[in-house]
Amino acid sequence: DIKIERTISSINPISWNKTAKRIIKLKPDIIIFKYWMPFFALSFGSIIRLVEKKIDIKSLVICDNIIPHESRFFDNKLTKYFFKYIDYFIVMSKSVENDLLFLFPDAKYIYTPHPLYDIFGKGINKEKSRKQLKINESKLILFFGLIRPYKGLDLLIQAANTLKKEL
């Protein structure tokens, strides 16, 4: 029963201003951002900068990722632009903690490991899954996530013939 307003478009600066005005009107005690890639740093940084000019507010970032696996030359600059306005951070892995401290050695943060993802219930057995998904092949390989060079999908494809012979 929570009313959600979607106001931010990360590529539309007009929406950043609209979002900042809405936050200022609400006068919350804290604003919480979820951060996983520098693409959002410009919009988030602009919003918190506008808000902090008008109201006294604390800010927190939950950091899933700070420095991308495939970093670009401007990633650290964008992240620094956003993070310089932030009061507190939450990191959920040691590598993200290291990235935060590399960029902001004096950051106020807590480390809390990723939670257990056991809220999804019991899994169903393999045979039932295959039947529901109409999979008749006896051997399967699952690759999920974004296709990125560092994930090794190219190696998996190259190894497919060997795997087929060996399995």
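Throughout what follows, the structure given in this document is the object of discussion. If you're wondering where the values come from, they're calculated on a predicted model, not measured in any experiment.

Moving on: the sheet that holds strand β3 (residues 88-91). Pairing between sheet strands relies on hydrogen bonds along the backbone, with the strands arranged either parallel or antiparallel. Taken in spatial order, the four strands make up an open sheet running β1-β2-β3-β4, and their pairing is parallel. Of all the strands in the sheet, the pair left with one neighbour each is β1 (30-35) and β4 (109-111). Here the strands of the sheet are splayed against their neighbours by 15° on average, with no regard to which way each runs. The sheet contact formed by β3 and β4 spans three bridges and is parallel. Across the sheet, residue isoleucine 90 finds its bridge partner in β4, namely isoleucine 110. Each of β1 and β2 (58-63) is contacted by helix α2 (residues 41-54), which is oriented at about 170° to β1, the strand it contacts most. Sheet strands in contact with helix α4 (residues 94-103) are β2, β3 and β4, and its direction is about 160° off that of β4.

Applying the stated criterion across every chain yields a total of 13 aromatic pairs. An angle of 80° between the planes, with centres 5.8 Å apart, marks the rings of tyrosine 81 and tyrosine 85 as edge-to-face. Members of the aromatic cluster, joined through ring pairs, are Phe33, Tyr35, Trp36, Phe39, Phe40, Phe44, Phe82, Phe83, Phe89 and Phe104. If you follow lysine 94 out to its NZ or CZ, it ends over the ring of tyrosine 111, 4.2 Å from the centre.

This paragraph deals with the nonpolar core. Residues Val61, Phe82 and Phe83 are the most contacted members of the largest nonpolar core, which totals 31 residues. Of all elements in the fold, only α1 (13-26), β1, α2, β2, α3 (75-83), β3 and α4 reach the threshold of two or more residues within this core. For this core, the element with the highest residue contribution is α2, accounting for five residues. With residues near it in sequence (within four places) discarded, phenylalanine 83 still touches Tyr35, Val61, Cys63, Ile66, Phe89, Leu100 and Phe104.

This part is about the packing of α3 against α4. It is the contact of α3 with α4, at a shortest axis distance of 11 Å, that shows an interaxial angle of 80°. As summarised for this structure, α3 and α4 are arranged roughly perpendicular, according to the angle between their axes. For the pair formed by α3 and α4, the contact residues are Asn76, Thr79, Lys80 and Phe83 on the first element and Leu100, Phe102 and Leu103 on the second.

Glancing now at α3. Residue pairs spaced three or four apart in an α-helix point in one direction, given the helix's 3.6 residues per turn. Buried residues of α3: Asp75, Thr79, Tyr81, Phe82 and Phe83, and no others. In this fold, the buried residues of α3 make contact with β1, α2, β2, β3 and α4.

Let us look at the pattern of salt bridges. A complete count under the given rule lists four salt bridges for this structure. For glutamate 5, the salt bridge is made with arginine 22, and the minimal N-O distance between the two is 2.7 Å. One end of the pair, glutamate 5, is in the segment before α1; the other, arginine 22, is in helix α1, and 17 residues separate them in sequence. Residue class for glutamate 5 comes out partly exposed when judged on its relative accessible area of 40%. The closest approach of N and O atoms between aspartate 75 and arginine 72, which form a salt bridge, is 3.4 Å.

Calculation rules
Residues numbered from 1 in each chain as written. Predicted model: local features only at pLDDT ≥ 70, side-chain atom pairs only at ≥ 80, totals over all residues. Heavy atoms only, no water. Pairing = 2+ DSSP bridges. Helix = DSSP H or I, 4+ residues; strand = E, 2+ residues; numbered from the N terminus. Axes fitted to C-alpha atoms, helices over the stretch in contact; angles between N-to-C directions. Contact = heavy atoms within 4.5 Å. Phe/Tyr/Trp six-rings, centres within 6.5 Å; stacked < 30°, edge-to-face > 60°. Lys NZ or Arg CZ within 6 Å of the ring centre and 35° of its normal. Core = buried A, V, L, I, M, F, W, Y, C linked by side-chain atoms within 4.5 Å. Buried < 20%, exposed > 50% of the residue type's maximum accessible area, 1.4 Å probe, protein only. Parallel < 35°, antiparallel > 145°, perpendicular 65-115°, else oblique. Salt bridge = Lys/Arg side-chain N within 4 Å of Asp/Glu carboxyl O.

So, to be careful, I would describe these as geometric facts and stop short of saying anything about function.
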